[in-house]
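# A closer look at the structure
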Amino acid sequence: MNWQYNRECMNAFTSLILTQLTVPPGDLIYYIVLVFAVASALQSAFNHWRVSEFPQAKRAFVGLGILLCAQIFMFIFSGLGWQQIVEPRTILPPMDRAFILFGIIWITWLYAFPEPNRGADAAATLLSLLILVALGVSLLTWQTQIADPQFASLSYNQTVDDWLWQIISLFMALVGITILFIRRPDSMWNGVTLLFLGFLGHVGHLLFQIEGNYSGIVRLAYMAAYPILLTLPQRFATPGQITVSAPRPKATKQQDTANPERRRYSTDPKTFHAMLALAAESNPTKVSQAVTRAIAQTMLSDLCFMIYLTDNNNQMVIAGGYDLIREDSLEGGSLNKGSIPMLANSLQRGRPLRMPASSTSADIKGLGDILGLTNPGHLLSVPILTPEKESLGGLLLLSPYSDRTWTAEDQAFLSNIAMSLVPIIKRSQNINKLEAQADQARTQTIQLERQVQELTQQLEAARAEIQKSGATEVSSLRVAQEESIHIIEQLQQENAELRSGKNLQPSASASQVEKELKTTLQELARLQNQLADANMKAHEMEKGRAATKSTEQAEVIASISQELRQPLSSIVGYTDLLLGESVGILGALQRKFVERIKASTERIRSLTDDMIQVTTLETELNDLKPESVDLNSIIDNAMSYTSTQVREKNISMHLDLPKTLAPIQADREALQQILIHLMQNAGAATPFEGTVRLKVQTRSENGLDYILIQVTDSGGGIASIDLPRVFTRLYRADNVLIQGVGDTGVGLSIAKALTEAQHGRIWVESEQGVGSTFSVLLPIAGSAGPEKNSEVKGKK
C-alpha cells in the first residue's frame, strides 16, 4: 500500500508540475528558463568571438541571437496573455507550436553548420518563412473552430492542427539528428542530445493525450534541453587556453627549459626584419622558401605558406612553404578557390582570418586535401597589403602537430611582418615583367636572324645574277676576239704568199702588186688595232665585273647592316638597362637569360661586321699605307678591346715583351686588326679561368729584321688533320664542333690576308690537350720585296 501511495503522490506531483508549466503564471517560468539559457549562451558566444575572432563564434552569436529574439517574443506575448491584454486562447497555442519548430530548425543550423554555408543559410531562412505561413494558416483555422459554439470547450491539444505540428516537429528533430550524424561537427553529441530530448517530449505528448492548450511534456523536455546550448560556444578552444608547448627546433627548446611558460615567438621583429633583408638578396626562386622559413621559426608555426594572387586576383598560387617540425622546405602549387572559400575571400578582400580546426570547415578540409594532412589544425592568415591597400597575397600559418591556437596578438604580429614583405613581392612582379621583356627580346632576335638569312639569300642571288651577266658579256667579246685573230692570221698568210709570189699572175704589174700589198697591210693594222681594243675591253670588263661584284656586295651588306643596326641597338640598350637593374633587381637565373640575349646580339653584330670586312677586304688591301707604328700602343688597344671577354671568363693574361720595342713599318689599322683577331680567337678558345700568353720578340732572317708576335691559348689544341684549314674562310661554319679554335674562321682569314699583304706570314702550332700558338712574322722595315716574302712564306 505504501508503494501505491508513493506512486500516486508522484503522479500527482508530476501532473502538478506539467499543469503549472501550461497555465499562467507558471508558463512564464518555462519562457524565463529558455530565455536565460539562450542569453547565457549568447553572452558566452560574444566573449568567445571577441577573443578569438573566429567566424564560427560570430555565426554562433548570430544564431543564438535569433533564438533569443524568438523566446523573448514568446515571453512578452505570454505575459500579455496572463494580463489579459491579448486573448491567450486564440493566439498563443499556435504560436507556441510554431516557435518550438522554429527553435528546432535553428538549433540544427547552429550545431550542424558552424561555418558559413549558403545552402544551409538559405534552407533555414526558407523553412522559417514557411513556419510563419503555417502559423498564419493555423491561427485562422483555430479561431474558426473556437468561434463555433459546438467546439467552445475544445482544447488545442485535441485538434488536428496540434497533431500536425507535433508530427512536423518530430520529423524535423529526426532530420536534424541525421544531419548531425552525416556532417559530424565538433560537439556533435551535445546537439544530438538536445534534439533527442525534444524528440522524446513530442513523442510523449502524442502518447499521452493531455487536455489543455499547451503540452507540459514538451515544455519540460525543452527546459531540460536548452541549457545544453551553453556548451555551444565552447566547442572551439579559445586562443591562449591551450598550454601544450608547440614543437620547435631543438635549440629553441633548450633555450626555453628555464621558462616553463610557453614562448609564442622565438625572435623579436628586428631580428626577423634582418632575416628578411638577407632573404631579399638571395635567388628569387628561393625567396618564398626563405621567407616562410623565417616566419615559421619566428612564429613557432608548424607550417607556413606564402600565397600570391595572380591574374587580377582571380588565381591563387602557393609560392613556397616550410615545415618547422620536419625542418624541410615545401614546394608550391596552385590553389582552387572553391575548396578554400573563406580563405580565398579574406585574401582577395585584404582581411585577416583565424579559424579553429573544425571538422566541418570547407577550408580546413580543402587544405587537408591539398597538403595531404588529415587535420591541418588551427588556421591563421593575414593579407600582404601595399600602402594603397592592394592585396598581393597572404601568409598562412597552420598547426597540425602542436594544435596551437592563434591569438589576436599573433595576428597583429604577423600583420607587421607581412607589411615588410611588400618590397619583395613587388620585386618578384618586376622580375616577371623583365622575364616577359626578355622573352620579347628573344623573339626579336629570332626574327632578326631570319631577316639575316633572307638577306643572305638575296645577296647570293645577286651575286649569281652578276656573274651570269658578266660571263655573257665577256664570252661575246672573246668570240669577237677569236674571230679577229683568225682574220689576222689569214691576212698574214696571204701577205706571206704575196711576198713569196705564189699567187701572182705573170701579167700583173709591180704597181698593182704594191697597191694590193699596201691595202693588205692597212687592213692588217686595222684588225690589229681592233684586236688590241678588244683585249683592252675584255680586261676592263673583267675588272669592271670584279669591281661591280665588290660594289654590289658592299652595297647589299651595307643595306643589311643598316637594317640590323637599329633593332640590334634597341636590344642591346634594353639588355644593358636590365643588367643595370635600374628597373628592378635581377635574380641569378634572370641575369643569366639576359646575358645570353646580349651575347647573342653581340654575336650577330660581330658577324655583320665580319661580313663587311670580308667584302671590303680586297679594297682595304690595296689601300694599305705603311707608317712607323709603336707596337706598345697596338698591344694596349688590343688588350683594352678584348678586356670584357677576358674578364667575363676570368682569364689570366701573361705578357712577355722586350724592354724596348722598336717602331715597325706597317699599316696601323691592319696591324691592329691582326692582333685583335688573334686575341679574340685565344679568348674564345680558352676555357673559364684559363690562361692566354702574348709574346713579342725580334728575329733576323737572311739579313733582315722581323718582329714575331705569338698568341698562345689553353683551349686544348687543334687536331693535326684540321691545321691546314684553320685559316680557311668560313671554316668554322662548316665544322662547328672542332675544338681549339675559338674564332668563326672569318677573323683568322682576315688576319692571314692582312699579314700576307704586308709581306709577312702567319702560322699555327698546336699540341693536343694543351693549346695552340698563333704566330705572325712581319718585317720591321716594311716591304721586303717579292723575293724575300716568298722566302719567308717558304719556311712555313
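Here, the structure is the one placed above.
Residues numbered from 1 in each chain as written. Predicted model: local features only at pLDDT ≥ 70, side-chain atom pairs only at ≥ 80, totals over all residues. Heavy atoms only, no water.

## Here we look at the overall build of the protein
Each helix and strand in the protein was counted, giving 24 helices and 14 strands. A buried classification covers 43% of the 796 residues belonging to the protein. The long-range share in the protein, meaning contacts at least 24 apart out of those at least 6 apart in sequence, stands at 71%. Split by element, the accessible area of the protein, about 41,200 Å² in all, is 56% carbon and sulfur. (Helix = DSSP H or I, 4+ residues; strand = E, 2+ residues; numbered from the N terminus. Buried < 20%, exposed > 50% of the residue type's maximum accessible area, 1.4 Å probe, protein only. Contact = heavy atoms within 4.5 Å. Areas by Shrake-Rupley, 256 points an atom, 1.4 Å probe, with all protein chains shown as cover.)

## Brief notes about a nonpolar patch on the surface
Taken together, the side chains of Val 160, Trp 163, Leu 164, Ile 167 and Ile 168 make up a nonpolar region of the molecular surface, amounting to roughly 460 Å² of accessible area. With respect to the element layout, Ile 167 can be found in helix H6 (residues 160-183). Look at Ile 167 and you get partly exposed, because its relative accessible area is 33%. (Patch = residues over 30% accessible without salt bridge, like charges linked within 9 Å, V, L, I, M, F, W, Y side chains within 5 Å. Salt bridge = Lys/Arg side-chain N within 4 Å of Asp/Glu carboxyl O.)

## Section: the packing of aromatic side chains
Per the stated rule, a full pass over the model turns up 14 aromatic pairs. For the pair Phe 727 and Phe 774, a centre-to-centre distance of 5.9 Å together with 85 degrees between the ring planes defines the contact as edge-to-face. Placement of Phe 727 in the loop between strand S12 (704-712) and helix H22 (731-734) and of Phe 774 in strand S14 (residues 771-779) is noted, with a sequence separation of 47 residues between them. An identical accessibility class is assigned to Phe 727 and Phe 774; each is buried. Through pairs of rings, three or more aromatic residues link up here, namely Phe 73, Phe 77, Phe 99, Phe 102, Trp 106 and Trp 109. Taking NZ or CZ as reference, Arg 219 lies 4.5 Å from the ring centre of Tyr 214, over its face. (Phe/Tyr/Trp six-rings, centres within 6.5 Å; stacked < 30°, edge-to-face > 60°. Lys NZ or Arg CZ within 6 Å of the ring centre and 35° of its normal.)

## Thoughts on the sheet that holds S14
The pairing of strands in a sheet happens through backbone hydrogen bonds and is either parallel or antiparallel. Strand order in the open sheet formed by five strands is S9-S11-S12-S14-S13, with mixed pairing between adjacent strands. One side of each edge strand has no neighbouring strand; the edge strands of this open sheet are strand S9 (652-656) and strand S13 (761-767). The mean inter-strand angle of the sheet, taken between neighbouring strand axes irrespective of direction, is 20 degrees. With seven bridges joining them, S12 and S14 adopt antiparallel strand pairing. Paired with Ile 707 across the two strands is Leu 778, which belongs to S14. Against the sheet, helix H19 (residues 631-641) contacts S9, strand S11 (691-701) and S12, and its axis sits at roughly 160 degrees relative to S11. (Pairing = 2+ DSSP bridges. Axes fitted to C-alpha atoms, helices over the stretch in contact; angles between N-to-C directions.)

## Notes on empty space enclosed by the protein
Tallied over the entire structure, the rule returns two cavities of 30 Å³ or more. Surrounding the largest cavity, Tyr 30, Tyr 31, Leu 34, Gln 71, Met 74, Asp 96, Phe 99, Ile 100, Gly 103, Ile 104, Tyr 222 and Tyr 226 form its lining. Listed by contribution, the elements that provide at least two residues to the lining of the largest cavity are helix H2 (26-52), helix H3 (55-82) and helix H4 (88-112). Take the lining of the largest cavity: its biggest share by element is five residues, from H4. (1 Å grid on protein atoms, 1.4 Å probe; cavity = no way out; pocket = protein on both sides within 12 Å on 5 of 7 lines; lining within 4 Å. Points joined across faces, edges and corners; volume = space filled by probe spheres on them.)

## Some thoughts on the nonpolar core
If you look at the biggest cluster of nonpolar residues, it comprises 54 residues, and the most contacted ones within it are Leu 64, Leu 67, Tyr 111, Tyr 226 and Leu 229. Broken down by secondary-structure element, the contributors of at least two residues to this core are H2, H3, H4, helix H5 (118-147), H6, helix H7 (188-207) and helix H8 (216-225). Among residues more than four places away in sequence, those in contact with Leu 64 are Val 38, Ala 41, Leu 42, Ala 45, Leu 110, Leu 229 and Leu 232. Formed by 39 residues, the second largest nonpolar core is a distinct cluster that contains Val 646, Leu 661, Val 741 and Ile 780. (Core = buried A, V, L, I, M, F, W, Y, C linked by side-chain atoms within 4.5 Å.)

## A closer look at unusual backbone geometry
Even without glycine at this site, Arg 184 takes up a positive phi of about 50 degrees. Tracing the chain through its elements places Arg 184 in the loop between H6 and H7. One non-glycine residue with positive phi stands out, namely Leu 300, at about 55 degrees. As for its position among the elements, Leu 300 is in the loop between helix H11 (284-299) and strand S1 (303-310).

## Focus: the side chain of Asn 213
Along the polypeptide, Asn 213 turns up in the loop between H7 and H8. Only 3.0 Å separates the side chain of Asn 213 from the backbone nitrogen of Tyr 156, close enough to count as a polar contact. (Polar contact = N/O pair within 3.5 Å; in protein donor to acceptor, adjacent residues only side chain to side chain.)

## As for the side chain of Ser 381
Relative to the assigned elements, Ser 381 resides in strand S6 (residues 378-385). Setting aside residues up to four positions removed in sequence, Ser 381 forms contacts with Leu 343, Leu 347, Pro 352, Leu 353, Leu 395 and Leu 396.

## Examining the packing of H5 against H6
One way to put it is that H5 packs onto H6 with a least axis distance of 11 Å and a crossing angle of 165 degrees. When the interaxial angle is binned, H5 and H6 end up roughly antiparallel. When you trace H5 past H6, the crossing you get is left-handed. Contacts between H5 and H6 pair Leu 127, Ile 131, Ala 134, Leu 135, Ser 138, Thr 141 and Trp 142 from the former with Asp 161, Trp 165 and Met 172 from the latter. (Parallel < 35°, antiparallel > 145°, perpendicular 65-115°, else oblique. Left-handed = near helix turned anticlockwise from the far one by under 90°.)

## Here we look at the pattern of salt bridges
Taken as a whole and judged by the stated rule, the model has seven salt bridges. Put simply, Arg 97 and Asp 96 hold a salt bridge, and the shortest N to O gap is 3.7 Å. For the pair Arg 97 and Asp 96, a shared accessibility class is recorded, and that class is buried. Arg 404 is paired through a salt bridge with Asp 410; the nearest N and O atoms lie 3.3 Å apart. Per residue, the accessibility class of Arg 404 equals that of Asp 410, and both read buried. Because the salt bridges share partners, they merge into one network encompassing Asp 96, Arg 97, Asp 162 and Arg 219.

## A look at H4
Taking 1.5 Å of rise per residue, the 25 residues of H4 would be expected to cover 36 Å, and the 35 Å separating its terminal C-alpha atoms lies within 8% of that figure. With 23 of 25 residues buried, H4 is to be regarded as a mostly interior element. (Expected span 1.5 Å × (residues − 1).)

## Structural notes on the packing of H4 against H7
Direction vectors running N to C along H4 and H7 enclose 160 degrees, while the axes themselves pass 10 Å from each other. Put simply, H4 runs roughly antiparallel to H7. Relative to H7, H4 is oriented so that their crossing is left-handed. Between H4, through Ile 100, Ile 104, Ile 107, Thr 108 and Tyr 111, and H7, the contact on the second element is made entirely by Asn 190, Gly 191, Leu 194, Leu 195 and His 202. In terms of residue class, the contact of H4 with H7 is made up of six nonpolar, four polar and no charged. (Nonpolar A, V, L, I, M, F, W, Y, C, P; charged D, E, K, R; others polar.)

## Structural notes on the pairing of S12
Of the strand pairs in this sheet, S11 and S12 are connected by nine bridges, and their pairing is antiparallel. Directly across from Arg 693, in S12, lies its bridge partner Thr 712. What sits between S11 and S12 in their antiparallel hairpin is a turn of two residues, with Asn 702 showing a positive phi close to 55 degrees.

## Points about the environment of Gly 212
Looking at the secondary structure, you find Gly 212 in the loop between H7 and H8. With a relative accessible area of 22%, Gly 212 lands in the partly exposed category.

## Observations regarding the environment of Arg 668
Mapped onto the fold, Arg 668 is located in helix H21 (residues 668-685). With sequence-adjacent residues up to four places away left out, Arg 668 is seen in contact with Glu 627, Ser 628, Val 629, Ser 633 and Ile 634.

By themselves, these figures tell us nothing about what the structure is for.
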